[in-house]
Amino acid sequence: MSAPAADLFFKMETVKARNRYDGGRHRRRKGDDDMPLSMATTGEENIIRRIGGKEETRLFLEELGFVVGSVVTVISEASGNLIVNIKNSRVAIGKEMANHILV
């Protein structure tokens, strides 16, 4: 495992351990790095921190309900495509779109 991959793995394991400690209520604390929604754990609530991409991509995601501060939960994942729960609705998005949503 390369050094950057090892650092990423360690950081992810640290966040998982912290989430177990506080019941998973607070996915991120001040100073933590954001991660793409495509890397989120299935069944865990996440708060949207930032939406990236071109203007039209951000508007499209906003129309689906993906706005900063919203709670999003990954319901299932298959081949990188996600089914997520956002604002009491289930939405299917591809991995490319999920990479623009940072939690």
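Residues numbered from 1 in each chain as written. Predicted model: local features only at pLDDT ≥ 70, side-chain atom pairs only at ≥ 80, totals over all residues. Heavy atoms only, no water.

With that settled, consider the overall build of the protein. In terms of regular secondary structure, the protein is built from three helices and six strands. A burial count over the protein gives 32% of its 103 residues as buried. Of the accessible surface of the protein, which amounts to about 6,700 Å², a share of 53% is contributed by carbon and sulfur atoms. (Helix = DSSP H or I, 4+ residues; strand = E, 2+ residues; numbered from the N terminus. Buried < 20%, exposed > 50% of the residue type's maximum accessible area, 1.4 Å probe, protein only. Areas by Shrake-Rupley, 256 points an atom, 1.4 Å probe, with all protein chains shown as cover.)

This part covers the confidence of the model for the protein. Low-confidence regions, as indicated by low pLDDT, have predicted coordinates that should not be scrutinised in detail. When pLDDT is averaged along the protein, the result is 82; 69% of the residues meet or exceed 70. The weakest mean pLDDT in the protein belongs to helix α1 (residues 3-21) at 53; the strongest belongs to strand β6 (residues 101-102) at 97. (pLDDT = per-residue confidence, 0-100.)

Quick look at the pairing of strand β3 (residues 71-78) now. In this sheet, β3 lies alongside strand β1 (residues 45-47) in antiparallel orientation, the contact comprising three bridges. In the sheet register, I47 faces β3, and the bridge partner there is V71. Bridging between β3 and strand β4 (residues 81-86) involves six bridges; their strand directions are antiparallel. Looking at the pairing, S76 lines up with I83 of β4. Where β3 folds back on β4, the antiparallel hairpin that results is connected by two residues, among which S79 adopts a positive phi of roughly 55°. (Pairing = 2+ DSSP bridges.)

Core analysis: the biggest nonpolar cluster contains 17 residues, and L37, I48, F66, V72, V84, I93 and I101 have the highest contact counts within it. Ranked by residue count, the leading element in this core is β4, at three residues. Aside from chain neighbours lying at most four places away, what touches I101 is M35, P36, L37, I48, R50, I51, L61, F66 and I93. (Core = buried A, V, L, I, M, F, W, Y, C linked by side-chain atoms within 4.5 Å. Contact = heavy atoms within 4.5 Å.)

Glancing now at the sheet that holds β4. Pairing within the open sheet is antiparallel, and its four strands lie in the order β1-β3-β4-β5. Because the sheet does not close on itself, it has two edges, and the strands there are β1 and β5 (89-93). Shown here is a sheet whose adjacent strand axes are inclined to one another by a mean of 35°, direction ignored. (Axes fitted to C-alpha atoms, helices over the stretch in contact; angles between N-to-C directions.)

Across all of its chains, the model carries two salt bridges by this definition. D34 is paired through a salt bridge with R50; the nearest N and O atoms lie 3.9 Å apart. Taken together, the residues span a long stretch of sequence, with D34 in the loop between α1 and β1 and R50 in strand β2 (residues 50-51) at a distance of 16 residues. (Salt bridge = Lys/Arg side-chain N within 4 Å of Asp/Glu carboxyl O.)

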